[in-house]
Each structure stands twice: as C-alpha cells, then as structure tokens.
Amino acid sequence: MHSGSLYCLNAAVAALLVFAALRDIATRLVPNWVSIAILACGIILHTVIGNPFTAIGWGLLVFFTAALMWRRGWLGGADVKLLGAASVAVAPANVGSLIIAISLAGGVLAVLYIALSRLLHRPLAGPRTGFLPRLLKAEVWRIHRRGPLPYAVAIAAGGLFTLFPS
C-alpha cells in the first residue's frame, strides 16, 4: 500500500471524526458504527505499516482509562468508544499528543459553553421550521440549561490536529 492509500485512510478517519462531532452536536449521540469504522481504519493502517499490536495496545489503554472516567460520570459512553478508536487510528508515538490536543480542545469547548450560557437567553417557545433552526434552538436550550457538552467535538479537533499536524 503506498502513501496515497495511507493518506486516504487518514482522510476517512478525519471524515468519520467530523461526522461524529456533528452528530454529537445535533443529538448528543455518536453511533457505534462510527467508532467501529475508525477502529477498523486504524487497524488496517497499522497492519500495513507494521505495528498493529502497539496501536491496539495504546487504544485499549486509552479506552479503559476513559471507561474509568465514564464510571465516575465524567465522560459519556460514546466518547469512551470514540477516544479508544481514535487512539488506535493515530500513530502510537502520537497518542500522548492526541490526548493533550483533545484535553485542550475540551477546555476551550467548556469555556465557550460556560460563556455562552451567560450570554444567551432562553430560547422562545414555538416551532422552528427547517433542520438548522431547530438544531440551533435545541443547542441554545442545552447551553442555557448547562447540559452535557458534545465532547466528540473535542475528540474530533484533537484527532484532526494529530492526524494532520502541519
């Protein structure tokens, strides 16, 4: 497999991460198939370049650490799966960078949502026609009531930064 194919696998992972982020914003859910597809891309990628067991080992370590955070109520279950899959998809040497990038993006996301919760007013009752107006109204409502963050956004940002660092 040549470098173009490896780039295509990274691009597929990036597209899946962006999809997960958008889906999390819209519904606060990330389908399991997204994490499975990212995991599959990572395993294929690392099998081709020769270190699948190292990548899988790091992915398992991140997954189980995130699962402990889920048990404490700090992360959602979909975020745990997405974190583990993303950790397999990046180079094993970059897993630390991935975690730092996700943490920083999560911090920015949290600060943004806290600031918006103070700035935005409660959305007015009444129907909204169209997907985007309904989505925006729902998100303003979540922000206003300080609902859970769409943490897949932070995972996607960290993943994109780590996959394409230039």
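Calculation notes
Residues numbered from 1 in each chain as written. Predicted model: local features only at pLDDT ≥ 70, side-chain atom pairs only at ≥ 80, totals over all residues. Heavy atoms only, no water. Helix = DSSP H or I, 4+ residues; strand = E, 2+ residues; numbered from the N terminus. Buried < 20%, exposed > 50% of the residue type's maximum accessible area, 1.4 Å probe, protein only. pLDDT = per-residue confidence, 0-100. Axes fitted to C-alpha atoms, helices over the stretch in contact; angles between N-to-C directions. Parallel < 35°, antiparallel > 145°, perpendicular 65-115°, else oblique. Left-handed = near helix turned anticlockwise from the far one by under 90°. Contact = heavy atoms within 4.5 Å. Nonpolar A, V, L, I, M, F, W, Y, C, P; charged D, E, K, R; others polar. Core = buried A, V, L, I, M, F, W, Y, C linked by side-chain atoms within 4.5 Å. Patch = residues over 30% accessible without salt bridge, like charges linked within 9 Å, V, L, I, M, F, W, Y side chains within 5 Å. Areas by Shrake-Rupley, 256 points an atom, 1.4 Å probe, with all protein chains shown as cover. Salt bridge = Lys/Arg side-chain N within 4 Å of Asp/Glu carboxyl O. Phe/Tyr/Trp six-rings, centres within 6.5 Å; stacked < 30°, edge-to-face > 60°.

Report on the overall build of the chain, specifying residues and quantitative values.
For the chain, the count of helices and strands is seven helices and zero strands. Listed N to C, the secondary structure of the chain is α-α-α-α-α-α-α in terms of helices and strands. Its C-alpha atoms put the chain at 55 × 35 × 30 Å along the principal axes. Looking at the chain as a whole, 37% of its 166 residues are labelled buried.

How would you explain the confidence of the model for the chain if you had to name every residue and give the values?
On average, residues of the chain carry a pLDDT of 89, and 95% of them reach 70 or more. The least confident element of the chain is helix 6 (residues 131-144), whose mean pLDDT is 75; the most confident is helix 4 (residues 77-89), at 97.

I'd love a proper account of the packing of helix 1 (residues 3-27) against helix 7 (residues 152-163), names of residues and values included.
Here helix 1 crosses helix 7 at 160 degrees, and the two axes come no closer than 8 Å. With respect to helix 7, the element helix 1 is oriented roughly antiparallel. As helix 1 packs across helix 7, the resulting crossing turns out to be left-handed. Side by side, helix 1 and helix 7 meet where Asn10, Val13, Ala14, Leu17, Val18, Ala20, Ala21, Asp24 and Ile25 of the first sit next to Ala152, Val153, Ile155, Ala156, Gly159, Leu160 and Leu163 of the second. Split by residue class, the contact of helix 1 with helix 7 holds 13 nonpolar, two polar and one charged.

An account of the side chain of Thr162 is needed here, citing residue identities and associated values.
Locating Thr162 in the fold gives a position in helix 7. Aside from chain neighbours lying at most four places away, what touches Thr162 is Val90, Asn94, Ser97, Leu98 and Ala101.

Summarise the nonpolar core; cite the residues concerned and give the values.
Counting residues in each nonpolar core, the largest one holds 32 residues, and the members touching the most others are Val13, Leu17, Ile38, Leu82, Leu83 and Ile155. Only helix 1, helix 2 (32-49), helix 3 (52-71), helix 4, helix 5 (95-119) and helix 7 provide two or more residues apiece to this core. When residues in this core are grouped by element, the largest group, eight residues, is from helix 1. Setting aside residues no more than four positions away along its own chain, Ile38 makes contact with Val13, Leu16, Leu17, Leu82, Ala85, Ala86 and Ala89.

How would you summarise the environment of Phe63 if you had to cite specific residues and measurements?
By the element assignment, Phe63 lies in helix 3. Sequence separation between Phe63 and Gly84 is 21 residues; the distance between their C-alpha atoms is 4.3 Å. If near-sequence neighbours (up to four positions away) are discounted, Phe63 is found in contact with Val80, Lys81 and Gly84.

Outline a nonpolar patch on the surface, listing residues and values.
Residues Ile44, Val48 and Ile49 make up a contiguous nonpolar surface patch of about 240 Å² in total accessible area. For Val48, the location among the structural elements is in helix 2. Judged by its relative accessible area of 36%, Val48 is partly exposed.

Could you give an account of the packing of aromatic side chains, naming the residues involved and the relevant values?
Inspection of the entire model under this criterion finds three aromatic pairs. Note on Phe63 and Phe64: the rings are 5.3 Å apart at their centroids and 75 degrees apart in plane angle, and the pair reads as edge-to-face. For Phe63, a relative accessible area of 29% corresponds to the partly exposed category. The exposure class assigned to Phe64 is exposed, which follows from its relative accessible area of 51%.

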